[in-house]
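Observations on chain architecture
Residue-level listing of the chains:
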Amino acid sequence: MSQATLDPSQPTPQGAPEGQSSNRWWVLVVVAVAQLMVVLDATIVTVALPDAQTDLGMSDANKQWVVTAYALSFGALLLLGGRIADFWGRKKAFVTGMAGFAAASALGGVAQNEAMLFGARALQGVFGALLAPAALAILTVTFTEGRERAKAFAVYGGISAGGAAIGLLLGGVLTEYASWRWTLLVNVPIAIVSIMAAMPILKDSRAEGNTRYDIPGAITVTLGLAALVYGFTRAAEESWTDGITVVSLVAGVVLLVLFTVIESRTQHALLPLRVVADRNRGGALLVMLLVGAAFIGSTLFMIFYMRVVLEYGAVKAGAGALGITIGVFITAGASAALLPKIGPRIPLIVGSLLAAGGTFWLTFISTERQYLSDVLPGMVLIGLGLGLVFTSVASTALIGITGHDAGAASASINAVQQVGGALGTALLNSIATSAFDDSMADKAANAGPQMGDPAVAKQVFVEASLDSYTQAFGWAAAIMVVGAVLAALLVNAGKDALPSEGGAVHMG
């Protein structure tokens, strides 16, 4: 499995290539560009989504698949992708992942219907799950000196933290000044240049020893998560009691239980159960799952509020989300000094509650609210909370971890975040769609014959949209509060249990 948590003080893993000392900083550039591309694509299409929805005729229930298809395939296959990269060869996996990512991006950029776009986004996630761990493993075997390795991973971590916000802004620029299609097509020239640079610079390496894959585990977890997401989406289109909805949700739960059974019995588990069975680590991952699900799921409605209700252009809407980034960088930086003094429990609780408070703040949005005074404070609060939660989870997940399980522990953080985002987006979109339909029917009935007036019809649509967004924000805030409660109940690690300074570096 590709190491996703690394200790700069430790020697390079077996299989390190030779002869890279003279160009190692160019290796960092190539890997950084690849990581930025993968992180950007988690959010770059969000701002463009209203334009893509109109162009391809997507339904409100289905539009979330543009975000969910990528997050689901990426998160579900990340652990397997790490093993493939280590066993098959990291350079081969990197180049293949980059080429496949570019091809999938091109397919999405020329999509003629929603099914083609959804499929392309899922393919992006598949190749991203191969590319990301390969890139990280290449850094591991390239930077062998402790101080240089710390610098390299600081760059890598910074890109991981800031890439999502950059994606929103870049997505806005491309959508407004080119086309929504360029939020996908932009990956093609980036990938071509990166591959051309990677071929002469990178040296291949692979892990030694047992190289067996946990294929049954990979299949069951992927199908189980996909069934759950489809069930949530189907509920938005039909109802929670619809036969196919119920079957999908039950099948998803059964498959995930089966995945747990497989992981408990195989010697080559994608996710060894001992990694998540620890009270502190399991609690931290549950907090990440819930807070990540609520945040990523509600981001969609933040953008739609600015674009549909406030009628912001794509660039302005993308820039409007930067308040979250400001908050993240404030508390993420402060956490480095805070965690060694008080431990992770209080930051996890406070961070979850801050994020919940900021999200609840957004339930008061209206057509007359001012962004600077009524929207930005909520976004900054969300960012402050996320900075505390994400850094605390990264540290807590490493408590008591052995070198053998370090990769699984860190990869599980990334996987939980992505999977949570997929499930959260599907769930909140289902809630919002149902709220919109109910509100639209009530308001249209009250308007009566006046619905024939385009101005009245538009006002009814905007008000119903607002009702759906506030419902989503309310549920997202409640989910974050549950995360705070779980942090209080499960996480009890003290400050002395955390990894020492200069130790583990999380991939982001």
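In this numbering scheme, every chain counts its residues from 1 along its sequence in written order. Totals for whole chains, interfaces and linings use all residues, but because this is a predicted model, local features are given only for residues with pLDDT of at least 70 and pairs of side-chain atoms are given and counted only at 80 or more. The basis for the side-chain values is all heavy atoms of the structure; hydrogens and waters are excluded.

This paragraph deals with helix α12 (residues 279-309). With 31 residues, α12 should reach 45 Å at 1.5 Å per residue; the first-to-last C-alpha distance of 44 Å fits that figure. Considering bend angle alone, the principal kink of α12 is centred on T299 and spans about 25 degrees. Each residue's exposure class comes from its accessible area (1.4 Å probe, protein chains only) as a fraction of the maximum for that residue type: buried when under 20%, exposed when over 50%, partly exposed otherwise. Secondary structure counts use DSSP, requiring at least four H or I residues in a row for a helix and at least two E residues in a row for a strand, with both numbered from the N terminus. Along α12, 25 of the 31 residues are buried, which leaves the element largely enclosed by surrounding structure. N or O atoms within 3.5 Å of each other form a polar contact, as long as, within protein, one can give a hydrogen and the other can take it, and as long as residues adjacent in sequence are counted only when both atoms are side-chain atoms. Near the N-terminus of α12, the side chain that reaches the backbone nitrogen of N280, with its oxygen 3.1 Å away, is that of D278. Trailing α12 by a residue or two, E311 shows a phi angle of about 60 degrees, which is positive. A helix's residues, less one, multiplied by 1.5 Å, set its expected span. Each residue is assigned a bend, namely the angle between axes fitted to the seven residues that terminate at it and the seven residues that start at it.

Put simply, a patch holds well-exposed residues, over 30% relative accessible area, that have no salt bridge, with like charges counted together within 9 Å and Val, Leu, Ile, Met, Phe, Trp or Tyr side chains within 5 Å. Per-residue and other accessible areas were derived by the Shrake-Rupley procedure at a 1.4 Å probe size, with only the shown protein chains allowed to occlude residues. Salt bridge, as used here, is a side-chain nitrogen of Lys or Arg placed within 4 Å of a carboxyl oxygen of Asp or Glu. A surface patch of nonpolar side chains, amounting to about 460 Å² of accessible area, comprises W88, Y213, I215, I219 and L223. Per element, the largest residue contribution to the nonpolar patch is three residues, and it comes from helix α9 (residues 215-237). Of note, I215 is situated in helix α9.

Here the focus is the packing of aromatic side chains. Any two of the Phe, Tyr and Trp rings considered here, Trp counted by its six-membered ring, make a pair once their centres fall within 6.5 Å; the pair's planes then place it as stacked at under 30 degrees, edge-to-face at over 60, or tilted in between. As enumerated under the stated definition, the model contains six aromatic pairs in all. Centre to centre, the rings of Y70 and F74 are 5.9 Å apart; their planes meet at 10 degrees, and the pair counts as stacked. Pair noted here: Y70 and F74 are both in helix α3 (residues 65-88), with a separation of four residues, about one helical turn. For F74, a relative accessible area of 4% gives the class buried. Connected via pairs of aromatic rings, a cluster forms that spans Y70, F74 and F101. The ring of Y312 is capped by K316, whose NZ or CZ atom sits 4.3 Å from the centre of that ring. Note on criteria: charge over ring means Lys NZ or Arg CZ within 6 Å of the ring centre, with the direction from the centre no more than 35 degrees off the ring normal.

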